[in-house]
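Breakdown of the fold
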Amino acid sequence: MIKGFIYAVLISLSITAVWYVYEYKQFGELQWDRECDSIVSILYFIALWIAYSERS
């Protein structure tokens, strides 16, 4: 379970970093006030955690 959590954190951070780079390239600034992005990233993190917890 801990190993799955660590994998989920690492992958989520990697995807978030790439997401922010492309967002900055597209808009010239980061848009911090978009609530939908927060909800999607939390749901995606939970899905990753479950997937990697079942895998290990």
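This report concerns the structure included in the present document.

Looking at the side chain of E23
Mapped onto the elements of the fold, E23 is located in helix α1 (residues 2–27). A relative accessible area of 4% places E23 in the buried class.

Regarding the packing of α1 against helix α2 (residues 35–55)
Contact geometry for α1 and α2: axes closest at 8 Å, N-to-C directions at 145 degrees. Here the hand of the crossing between α1 and α2 comes out right-handed. The segment α1 lies against α2, with G4, F5, Y7, A8, V9, I11, S12, I15, W19 and E23 engaging D37, Y44, F45, L48, W49, Y52 and S53. The residue makeup of the contact of α1 with α2, split by class, is 12 nonpolar, 3 polar and 2 charged.

Some remarks on the packing of aromatic side chains
Taken as a whole, this structure holds 4 aromatic pairs when the rule is applied. Ring geometry for F5 versus F45: centroids 5.7 Å apart, planes at 85 degrees, classification edge-to-face. Remark: F45 occurs in helix α2 and F5 occurs in helix α1; sequence separation between them is 40 residues. Measuring from centroid to centroid gives 4.9 Å for F5 and W49, while their planes differ by 65 degrees, and the two rings are edge-to-face. Residue F5 is located in helix α1, and its partner W49 is located in helix α2; the two are separated by 44 residues in the primary sequence. Look at F5 and you get partly exposed, because its relative accessible area is 33%. Through pairs of rings, three or more aromatic residues link up here, namely F5, F45 and W49.

Quick notes on the rules
Residues numbered from 1 in each chain as written. Predicted model: local features only at pLDDT ≥ 70, side-chain atom pairs only at ≥ 80, totals over all residues. Heavy atoms only, no water. Helix = DSSP H or I, 4+ residues; strand = E, 2+ residues; numbered from the N terminus. Buried < 20%, exposed > 50% of the residue type's maximum accessible area, 1.4 Å probe, protein only. Axes fitted to C-alpha atoms, helices over the stretch in contact; angles between N-to-C directions. Left-handed = near helix turned anticlockwise from the far one by under 90°. Contact = heavy atoms within 4.5 Å. Nonpolar A, V, L, I, M, F, W, Y, C, P; charged D, E, K, R; others polar. Phe/Tyr/Trp six-rings, centres within 6.5 Å; stacked < 30°, edge-to-face > 60°.

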